[in-house]
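Examining the three-dimensional arrangement
Given next are the chains, with one letter for each unit.
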Amino acid sequence: MAVIYKLVNVSKIYKRKNFETRALDDINLDINEGEVIVIVGPSGSGKSTLLNVLSCVDNVTNGEIYYKDMNICLFNEKSKVEYIREVPGFIFQSYNLIPNLIAKENIELASHISKAPLDVKDIIKLVGLNEHKYKFPFQMSGGQLQRVSIARALVKNPRVLFCDEPTGALDEKMGKQILKLLQKINKQYKNTLIIVTHNPSIGDIANTVITMKNGKIDNIKRNEKTKKADEIGWA
Amino acid sequence: MKLLFINSFSSIRKKKLQIIGIILLVFLSTSIYTMMNMAVDRMEGAYTNYINEQNVEDLSLTIDIDYRNSYTYSDVLNIKGNIETDDNEQYIINLYLMCLASRNCTDDFLKQVDRVFEKYDLNKSKKQEVLEDIARKYNFYYEETRSKLGQNNDYIYRVMPYIKNKKINKPFLIKGKFPTANNEVTILDGYAKKNNLKIGSKINLSDKEYTIVGYAYASDYMYPIINISSPMFDEQKHNIVFMHSDEYKNFNGVEEIANSIKFKKENRTDEIVEKEKKAYLSMNDMLRIVRNKSPKLKFENGRIFTESFLYLLLGVSAIIILVIAKKRIDDERLQIGVLKALGYNRSSIALSYLLYPLIGGLVGGILGFTFGYFMHPTMTSLFISYYNVPTLKATFDTSYLLKSTLIPTVVLSILTFFIFLFMLRHKALYLLREGSNIKVNFISRIISRITMILPFKERLRISLANRSIGKLFIVSLSSFLTGLLIVLVLVVFDLFSFIIDKSFKDVKYDYVVNYLKPETTINLVDDLVLTRGYEISKVYDSNDDLKDLKERKKDSNNSITIEGIDKELKYFYLYDENNNKLNTDLSEDKIIINTNMSKILGLEIGDKIIFKNLDRKYTIVNITESFNGFSAYVDREDFAKAMSLKLSYNKIYSKDSKYSDYSKIENEEIMNIASIFSTKDLKRNMGTILETYDISLYVVMVFAAIMVFVIVLIIANIVIEENKKTISLMRVLGYKKKEINSIVLNMYTPFIIISYILSIPAMIYLLEKIVEILMKDIDFALPITISYIKAFIGLLILLVGYYLAMYISKRTLKRIPLSVALKRE
């Protein structure tokens, strides 16, 4: 499998007055294209930070990150914007939808700037939001809101989908539905799926499970067999 | 409660710009209030004190001798025997005797008699008699005030005798001593400073050297107009000199004698002017009124302006503070929900937010008072720089400290408390619920449906803009208020040049010559005018129903200067407000009035006016745009007939260069000339009067301009804060900076433009109302207009300010990492 991301001695250090926090501490990691990667760890382990530096939402303090052969740490503003537009799709725990836009418009927010977006109608259908596309966020449930968030990320036809605690605000049933959808997307579009979660059970759907602790990679486990979303437990 | 206040205080610390904005707004409002009012108080106090201490005259009168009735045949015979005259003068006296006997003295001849009698000061005792009589009748005492005009090239000075026990218009010694010897004088301190003179220096007056022994003011020259042809006081070239009374007698200069009057009880000036035929206000008497009354007028107007604008500025501050308060509640919704869930009631939570108005009001008020207190001497000097009035020492007035701090603090606190109480009405659960703040209201949903046909970008912009109708209203309202302040600045900025330019539009004459008595000499060259002051007796509307004039202040001067003009004019024209030249064929009792008469007195085209002591009913046919007192124009021939005079003139508009130099004018004419103004002098004269008002206005303008930028900065900051998440989200999605600016930050632009456009008529209306109040006291109908170009400039100022403020606020946004900005609150 081709390597899509290569992290070399990556650190992210937050300096505050008299002390510093190492959110990421000398990370070396290869991520394969097309795989489902789940990053688990306790609160403050650095998993969201890892997601953020990979998606260019945040900068590294030391080290290098290669997307294919490009060192994304050296990107200027213009290149960064180009990269963000075309490569990553971001799914947030708190959805981050614009309240005054209906579901369809929230999705169009991403397709509007993409060079080759997927068809909005198809995406809406894929995520099962056809009856809800004209609703405002306040009129939808948590699961529906997360589907809108997924659709918005997906419509860009991203190479990588970054999901930060996508099931964090959902119950088991809703959470599994979302995971099922993500698996379907991964299979259909052959994109790389990177999920950050504190729920270790979700690791069962992944090809690779990375465990983080105190900003370092504690363990990398490859699953010979992956489970379907319906089959996993729920922590 | 203590914890709530601590919590509120740390929120304030996080949003420093907002609390600084509140403090700044209160500071601006209260500092201008303190500064202007303390300055005005000090000046008013100084003025009143001066008037009382120096016993400044209430009025001066000129006594008119009616040569037909004041002298008998034997009086004149007696006079003839007691004076030595030349042959011509002797002839005139003989003719006078003859005409008295035959009772057929003509006006022209009596002018010649008057010249002779005045030359030999023969009217003195007669005038004394008349004055005594009037004094008894109207209960005043009087005293002569003498002065002589001297000139030395460009330097003009008024010389007065120092009289130790002068009752009225006592001189005021600033430094040194009054003259006790013939070669001693006092001068103005300003003149001394400008000419590098000091006590002990020598000064040359009329080819004689004197020693300066002190600095002194003439109390009847508070605004020291030296003479009628030099209406603008020049500190370097104009001087007032006191000399020993013996020296004064021998001093060579044109003498002016005023009968200075002081009423023992009530001021009965109006009655005297109306009823007494033998006494009138000459041009010099009216000039004396200007010298003494103009300071008071200036102070009163300064106060009116600042009080009016203080309330406007405070009102603007209050609204902005409430905007910030609302923002606080929205941002801390979850926190407030937690507090409510813990059992804190609405009142205690609302009380904790009172820190905003308390800090803003107290800190801003104290700083404003302090600044105003220390700046008020500068303001006092600016105001009083034109006047010779000694200022009183500054006193610490606690009432201003209280007003500057208490009023804003209390008003803002009460408003804030009740607004917060209302805004905190939701239950804890509602506030804590995720998305309770994201509910889209009905109007926004309708707008969303309507805009579905638009392209995505426009839909997005509109949706973001109407995300909260309340916030949109607040941005619009703030823009409207900012627009009011900008329009204020623009309207006032060149108001006075506009007035002067309008008043002298297309003026072709170079000189205005006023005569003492009407001339009948044929003059085919100049524009001839017969002018006299009359008061309005009655007014009728176009239906011939009696009409009341607009209400004015009790002792206002209602005298109208009627100018009788000819049909064809060569050198000056009358224009209406649309710049159309007016027809000056005013036969058949037509009258043209000026803008002041129309706006201040409420007269309209079609109204009919009857003047006191003038047997005519004039119909107003037009209104000419001029802002110089109350003026009206009628047919000259008709006017002369109405006054029982021959066709004559007592004023001309001329281009003849002989009027630039008295030596070029014939003796005969000079004897009858009261004054000559050049057009340049007239413009300066008007400018001087207008200067009385502009300092207060400019100060208010400067403060208003600062407030505009403070408000715009706060609004921009709120807009950025409001859209922080949206902006961060769009960056995460890959939107370019330009795209984000175009969609998010420009979305309020149409609302800002519309709000500004609405503020223009609103401010003009407000200013017109303020001017209406002022117009009761001053004879000036200030035109309130704004040109399209100025209006456009105002809009540019607002937009530039808005985008500049946005740029500043965006820089703070850049410092927040995207990941933090997108975090769950």
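Residues numbered from 1 in each chain as written. Chains lettered and ligands numbered in written order. Predicted model: local features only at pLDDT ≥ 70, side-chain atom pairs only at ≥ 80, totals over all residues. Heavy atoms only, no water.

**Quick notes on the overall build of chain A**
Looking only at helices and strands, chain A features six helices and ten strands. Put simply, 74% of the contacts in chain A that link residues at least 6 apart link residues at least 24 apart. Accessible area for chain A stands at about 10300 Å²; split by element, carbon and sulfur atoms hold 46% of it. (Helix = DSSP H or I, 4+ residues; strand = E, 2+ residues; numbered from the N terminus. Contact = heavy atoms within 4.5 Å. Areas by Shrake-Rupley, 256 points an atom, 1.4 Å probe, with all protein chains shown as cover.)

**Side note on the sheet that holds strand β1 (residues 3-16) of chain A**
All names here are of chain A. Read across the sheet, four strands follow the order β2-β1-β4-β5 without closing on themselves; strand pairing throughout is antiparallel. What marks the edges here is a single partner per strand, and that holds for β2 (19-32) and β5 (70-71). Of the pairings in the sheet, the one linking β1 to β2 comprises ten bridges and is antiparallel in character. Following the sheet pairing, Lys15 is matched in β2 by Glu20. (Pairing = 2+ DSSP bridges.)

**Digging into the packing of helix α2 (residues 16-53) of chain B against helix α14 (residues 398-423) of chain B**
Residue and element names in this part refer to chain B. It is the contact of α2 with α14, at a shortest axis distance of 10 Å, that shows an interaxial angle of 150°. One finds that α2 runs roughly antiparallel with respect to α14. Both α2 and α14 take part in a crossing whose hand is right-handed. Contacts between α2 and α14 involve Val26, Thr30, Tyr33, Thr34, Asn37, Met38 and Asp41 from the first element and Tyr400, Lys403, Ser404, Pro408 and Leu412 from the second. Its residues placed into classes, the contact of α2 with α14 shows six nonpolar, four polar and two charged. (Axes fitted to C-alpha atoms, helices over the stretch in contact; angles between N-to-C directions. Parallel < 35°, antiparallel > 145°, perpendicular 65-115°, else oblique. Left-handed = near helix turned anticlockwise from the far one by under 90°. Nonpolar A, V, L, I, M, F, W, Y, C, P; charged D, E, K, R; others polar.)

**Observations concerning the nonpolar core**
One finds Tyr5(A) and Ile187(B) to be the most contacted residues of the largest nonpolar core, which totals 215 residues. Sorting elements by how many residues they give to this core places α2(B) first, with 17 residues. The residues touching Tyr5(A), leaving out its near neighbours within four places in the chain, are Leu29(A), Asp30(A), Ile31(A), Leu54(A), Ile65(A), Tyr66(A), Tyr67(A), Tyr83(A), Val87(A), Val160(A) and Phe162(A). In this structure, Ile560(B), Leu601(B), Tyr618(B) and Ala640(B) belong to the second largest nonpolar core, which totals 24 residues. (Core = buried A, V, L, I, M, F, W, Y, C linked by side-chain atoms within 4.5 Å. Buried < 20%, exposed > 50% of the residue type's maximum accessible area, 1.4 Å probe, protein only.)

**Some remarks on the sheet that holds strand β7 (residues 160-164) of chain A**
Residue and element names in this part refer to chain A. Read across the open sheet, the six strands follow the order β6-β7-β8-β3-β9-β10; overall the sheet is mixed. Two strands lie at the open edges of the sheet, namely β6 (88-91) and β10 (216-222), each paired on one side alone. Between one strand and the next, the sheet's axes are offset by a mean angle of 15°, whatever the strand orientation. Relative to β10, strand β9 (residues 208-213) runs antiparallel, the two sharing six bridges. Across the sheet, the residue bridging to Val209 is Lys221, located in β10.

**A short note on the pairing of strand β6 (residues 202-205) of chain B**
Only one face of β6(B) is covered, namely the face carrying Ile203(B) and Leu205(B); the face carrying Lys202(B) and Asn204(B) is uncovered. Hairpin connection, β6(B) to strand β7 (residues 208-217) of chain B: the antiparallel pair is bridged by two residues, and Ser206(B) has positive phi, about 50°.

**Digging into the state of the cysteines**
All names here are of chain B. This model, assessed by the stated rule, comprises one disulfide over all chains. The disulfide that involves Cys99 links it to Cys105, with 2.0 Å between the sulfurs. An S-S torsion of about 85° defines the bridge between Cys99 and Cys105 as right-handed. Taken individually, Cys99 and Cys105 each receive the classification buried, so the pair is uniform in this respect. (Disulfide = S-S within 2.5 Å.)

**Quick look at the confidence of the model for chain A**
For chain A, per-residue confidence averages 89 on the pLDDT scale, and residues scoring 70 or more make up 100% of the total. Ranking the helices and strands of chain A by mean pLDDT puts strand β3 (residues 36-40) of chain A first, with 94, and helix α2 (residues 77-86) of chain A last, with 87. (pLDDT = per-residue confidence, 0-100.)

**Regarding the packing of aromatic side chains**
For any two aromatic rings, the description comes down to two numbers: the centre-to-centre distance and the angle of the planes. Considering all chains together, one arrives at 28 aromatic pairs over all chains under this definition. A ring pair is formed by Tyr5(A) and Tyr67(A), whose centres lie 5.5 Å apart and whose planes are at 55°; its orientation type is tilted. In this pair, Tyr5(A) is assigned in strand β1 and Tyr67(A) in strand β4 (residues 62-67), connecting sequence segments 62 residues apart. This pair shows no difference in class: Tyr5(A) is buried, exactly as Tyr67(A) is. Consider the rings of Tyr534(B) and Phe639(B), whose centres lie 6.1 Å apart with planes at 70°: the pair is edge-to-face. Of this pair, Tyr534(B) sits in strand β12 (residues 527-540) while Phe639(B) is found in helix α21 (residues 636-642), placing the two residues 105 residues apart along the sequence. (Phe/Tyr/Trp six-rings, centres within 6.5 Å; stacked < 30°, edge-to-face > 60°.)

**Focus: the pattern of salt bridges**
Residue and element names in this part refer to chain B. The full count for this structure, using the stated rule, is 41 salt bridges over all chains. Between Asp75 and Lys126 there is a salt bridge whose closest N-O contact spans 3.8 Å. Residue Asp75 is located in helix α3 (residues 73-82), and its partner Lys126 is located in helix α6 (residues 124-138); the two are separated by 51 residues in the primary sequence. Residue Lys126 is classed as buried on the basis of its relative accessible area of 16%. In this structure, Glu184 engages Lys177 in a salt bridge whose closest nitrogen and oxygen atoms are separated by 3.0 Å. (Salt bridge = Lys/Arg side-chain N within 4 Å of Asp/Glu carboxyl O.)

**Considerations on unusual backbone geometry**
All names here are of chain B. A positive phi angle is found at Arg103, which is not glycine, with a value near 55°. Considering the arrangement of structural elements, one finds Arg103 in the loop between α4 (87-102) and α5 (107-119). Judged by relative accessible area, which is 78%, Arg103 ranks as exposed. Positive phi outside glycine occurs at Ser644, with the angle close to 60°. For Ser644, the position within the fold is in the loop between α21 and β18 (649-654).

**Observations regarding helix α11 (residues 333-342) of chain B**
Residues three or four positions apart in an α-helix share a direction because the helix packs 3.6 residues into each turn. All names here are of chain B. When α11 is considered as a whole, its buried residues turn out to be Arg333, Ile336, Gly337, Leu339 and Lys340. Along the axis of α11, the buried residues cluster in a sector spanning 160°; they form a single face. Summarising the geometry of α11, the exposed residues directed more than 90 degrees from the buried face are Ala341 and Leu342. Taken from the residues just after α11, Gly343 is the one with a positive phi, measuring 115°. (Arc of directions from axis to C-beta.)

**Remarks on the side chain of Ser114(A)**
All names here are of chain A. Among the structural elements, Ser114 can be located in the loop between α3 (103-111) and α4 (120-126). Reaching out from Ser114, the side chain makes a polar contact with the backbone oxygen of Lys156 at a distance of 3.5 Å. In this view, Ser114 contacts Glu86 and Lys156; residues no more than four positions away in its chain are not counted. (Polar contact = N/O pair within 3.5 Å; in protein donor to acceptor, adjacent residues only side chain to side chain.)

**Considering the interface of chain B and chain A**
Facing 30 residues of chain B, the contacting portion of chain A comprises 30 residues. Interface area, chain B with chain A, both sides summed: about 2900 Å², of which 66% is carbon and sulfur. For chain B, the biggest contributors to the area lost against chain A are Phe456(B), Leu729(B) and Leu733(B); these three give 19% of the whole. At the boundary of chain B with chain A, the tally comes to three salt bridges. The tally of links from chain B across to chain A stands at seven residue pairs in polar contact (both at pLDDT 80 or more). Looking at the side of chain B that touches chain A, the elements with two or more residues in it are α16 (442-450), α17 (456-465), α24 (724-733) and α28 (818-821) of chain B. In terms of residue class, the side of chain B that touches chain A is made up of twelve nonpolar, seven polar and eleven charged. (Buried area = accessible area lost by both parts, 1.4 Å probe.)

**Let's talk about α6(B)**
Residue and element names in this part refer to chain B. Compared with the 21 Å implied by 1.5 Å per residue over 15 residues, the 21 Å span of α6 between its first and last C-alpha is a close match. Those residues of α6 that sit buried are Lys126, Val130, Leu131, Ile134, Ala135 and Tyr138. Against the buried residues of α6 lie β1 (59-63), α3, β2 (140-152), β9 (254-263), α9 (269-275) and β10 (279-280). In the stretch just after α6, Asn139 is the one whose phi turns positive, near 60°. (Expected span 1.5 Å × (residues − 1).)

**So, the packing of α3(A) against α17(B)**
Running from amino to carboxyl end, α3(A) crosses α17(B) at an angle of 120°, the nearest separation of the two axes being 11 Å. By the angle between their axes, α3(A) is oblique relative to α17(B). In this structure, α3(A) crosses over α17(B), and the sense of that crossing is left-handed. Side by side, α3(A) and α17(B) meet where Glu105(A), Glu108(A) and Leu109(A) of the first sit next to Phe456(B), Arg459(B), Leu460(B) and Ser463(B) of the second.

**A short note on the pairing of strand β5 (residues 184-187) of chain B**
Residue and element names in this part refer to chain B. What you see with β5 is no split at all: Glu184 and Thr186 on one side and Val185 and Ile187 on the other are buried throughout. Pairing of β5 with β7 involves four bridges; the strand directions are parallel. Residue Glu184 lies in a different strand from β7, and its bridge partner there is Thr211. Where β5 meets strand β8 (residues 238-244), two bridges bridge the pair, whose relative direction is antiparallel. Within β8, the residue paired with Thr186 across the bridge is Phe242.

**Section: the side chain of Ser448(B)**
In this structure, Ser448(B) sits in helix α16. A relative accessible area of 5% means that Ser448(B) is categorised as buried.

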